[in-house]
Each structure stands twice: as C-alpha cells, then as structure tokens.
Amino acid sequence: MPIGLNLLFRLGRRLLAAPLEDTGWLPDTYYSSQALAALEEDDFTAALRYLKLSHNYAPAARLVSQLLILRCRLLTQQHRGQRQAMAAATAGESNPGRVRRYEEILAQEDRALTLLQGYAAEAGAWLEAGSRLETGSRLEGD
Amino acid sequence: MASPAVSLKGGLAGGLAGLLAELALTEITGHHITTGLLELIGAGVGMFRLDRRVYQAIRDTVQRAQVSETDDYRKVAQRLDELTMDLPELRQTILNLVEAGISAQKA
C-alpha cells in the first residue's frame with residue numbers, strides 16, 4: 001500500500017504537476033506557494049517564473065511579488081555599499097595584482113546590481129499588468 | 001495508561017526495509033520516490049500554510065533590513081518606508097509589523 005501510494009504521488013507530480021505548471025492551469029495558491037519557496041532560497045529567477053504563471057494576480061501572489069522587489073532593493077543597497085568600498089580600495093591601491101583582483105570584484109558587483117535591478121523591474125512590470133487588468137475590469141463593471 | 005511498547009530492533013528493521021524498498025524502486029523506476037513524495041507533501045502543506053509563510057518571509061526581510069547591530073526599529077522602519085513607497089500592500093503589512101516591534105521595544 002505505501003509503495004503504491006509513493007508511486008502514485010510521484011507519478012502525479014511527474015505526469016500532472018510538472019507539465020501543468022507551465023500551462024498556468026494550476027490554482028493560484030500553488031504558484032504563489034512555489035514562488036515564495038523560490039524566494040525563500042533567493043532564487044529570484046524561479047520566483048518570477050512562478051509569478052508570471054499565476055495569471056489571476058491573487059493578493060498572496062501580489063504580496064510575494066512586492067516582497068521580491070523589496071528584497072532586490074535591500075540587496076541592491078548592500079551591493080552598492082560594497083561597490084563603493086571596493087572602488088575606494090582600488091583607488092588607493094598601487095599593487096597591480098591587487099588592483100586587477102579588485103577590478104574583478106567590482107565587475108561582479110556591477111553584474112549583481114544589473115541582475116537585481118532586472119528582477120525588480122520584471123516583478124514591477126508584472127504587478128503593473130495586474131493593476132491595469134484590475135482597473136480595466138472595474139471600469140467594465142461600471 | 002500503559003506505556004507504548006517501543007522496539008529498537010523493530011525500528012531498525014523497519015528503517016532498513018524502507019531504505020531497501022526505496023533503493024529497489026529507484027533502481028527499477030529510475031525515480032527518487034521518497035523525494036518526490038516529500039516534494040508533493042511539502043507543496044501541499046505549503047499551499048495550506050501560505051499566509052503564515054508569507055508573513056514569516058516578510059518578518060525575515062524586515063530583519064535583513066537591519067544593517068548594523070545598533071539599528072533600532074525606528075531606523076529600520078524609516079529605511080523600509082523609503083523602499084516600499086510604491087508597494088502598498090507590503091508597506092501596510094510591514095508597518096503593522098514594525099509598529100508591533102516598536103511597542104515590544106518600549107515594553
């Protein structure tokens with residue numbers, strides 16, 4: 001019996017949940033839950049993917065999306081501070097080896113900043129699309 | 001009330017049988033059955049506890065906003081206020097959390 005159940009669950013996930021995930025047909029709670037799980041692991045790409053699959057812009061999904069934006073902004077502040085400190089260290093350094101190393105770190109910081117701003121912009125666009133849809137349906141209702 | 005009978009040997013034998021069954025199934029089907037089951041249960045439980053998880057994630061984020069050890073809730077609140085100007089629902093939830101934090105600090 002347990003073996004049968006195990007197989008059933010596994011098959012259910014493999015055969016139903018995974019392919020259905022991309023269709024957006026699963027309940028909003030599922031996508032919000034998966035987006036939150038991804039966000040808990042700082043996997044912004046996966047969190048955004050699940051949010052975009054949730055077309056109904058449910059309150060929980062909107063909250064997760066806003067939380068993603070806030071986390072990106074906090075991390076952006078943190079990276080800006082690190083970048084500033086690294087830039088100051090590079091300016092005061094005369095050893096070419098160290099300067100090269102610092103410049104590599106600066107490039108990584110820039111890359112992190114670009115990525116974070118991209119994630120926040122994507123989540124912002126998703127939220128805005130939801131707000132537009134809400135306004136549109138409200139106007140139609142009037 | 002009679003205490004429940006616990007058998008260490010039984011537990012070990014059960015654990016070993018489960019492990020062997022899992023290994024055999026993985027070999028036969030090529031899938032990690034237990035992982036799949038846990039994933040599915042996790043997703044199901046997560047869906048039911050979504051509101052509490054969102055609240056917990058917001059609390060974690062508020063804690064992350066504390067840049068230095070000397071920052072008190074007012075500083076954190078101010079920083080969060082600036083960062084959530086355009087995020088209305090989250091802003092309200094965080095405000096409630098921070099106010100609760102300030103009240104706790106005063107008490």
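The structure displayed is predicted, hence computed values, not measured ones.

Attention shifts here to the overall build of chain B. Helix and strand content of chain B: five helices and zero strands. Element order for chain B, N to C, with α for helix and β for strand: α-α-α-α-α. Expressed as a percentage of its 107 residues, the buried residues of chain B come to 16%. For chain B, long-range pairs separated by at least 24 residues make up 41% of all intrachain contacts whose partners lie at least 6 apart in sequence.

Residues and elements named next belong to chain A. For the pair helix H2 (residues 28–40) and helix H3 (residues 44–53), interaxial distance at closest approach is 8 Å and the crossing angle is 165°. It follows that H2 is roughly antiparallel to H3 by the angle criterion. Viewed along their axes, H2 and H3 form a crossing whose handedness is left-handed. Packed against H2, whose contacting residues are Tyr-31, Gln-34, Ala-35, Ala-38 and Leu-39, the element H3 presents Ala-46, Ala-47, Tyr-50, Leu-51 and Leu-53 at the interface.

Considering soluble globular proteins, one finds that nonpolar side chains tend to be buried as a cluster. Residue and element names in this part refer to chain A. Counting residues in hydrophobic clusters, the biggest one holds 37 residues, and the most contacted among them are Ala-35, Ala-47, Leu-51, Val-64 and Leu-68. Ranked by residues supplied to this core, first place goes to helix H4 (residues 59–91) with nine residues. When residues no more than four places from it in sequence are discounted, the contact partners of Leu-51 are Tyr-31, Ala-35, Ala-61, Val-64, Ser-65, Ala-123 and Trp-126.

So, on to helix H4 (residues 73–83) of chain B. Residues and elements named next belong to chain B. Restricting attention to buried positions, one finds in H4 the residues Tyr-73, Val-76, Leu-80 and Leu-83. Angularly, the buried residues of H4 cover 90° about the axis, an arc narrow enough to put them on a single face. Exposed residues pointing more than 90 degrees away from the buried face of H4 are listed as Arg-74 and Glu-82.

On to the environment of Leu-90 of chain B, then. In this structure, Leu-90 of chain B sits in helix H5 (residues 88–106). Between the alpha carbons of Leu-90 of chain B and Tyr-55 of chain B there is a distance of 10 Å; along the sequence they are 35 residues apart.

Quick look at the environment of Gly-92 of chain A now. Mapping Gly-92 of chain A onto the fold places it in the loop between H4 and helix H5 (96–141). Between the C-alpha atom of Gly-92 of chain A and that of Thr-114 of chain A, which follows or precedes it by 22 residues, the distance is 26 Å.

Thresholds applied
Residues numbered from 1 in each chain as written. Chains lettered and ligands numbered in written order. Predicted model: local features only at pLDDT ≥ 70, side-chain atom pairs only at ≥ 80, totals over all residues. Helix = DSSP H or I, 4+ residues; strand = E, 2+ residues; numbered from the N terminus. Buried ≥ 20, exposed ≤ 12 C-beta atoms within 10 Å, placed from the backbone. Contact = placed C-beta atoms within 7 Å. Axes fitted to C-alpha atoms, helices over the stretch in contact; angles between N-to-C directions. Parallel < 35°, antiparallel > 145°, perpendicular 65-115°, else oblique. Left-handed = near helix turned anticlockwise from the far one by under 90°. Core = buried A, V, L, I, M, F, W, Y, C linked by C-beta atoms within 7 Å. Arc of directions from axis to C-beta.

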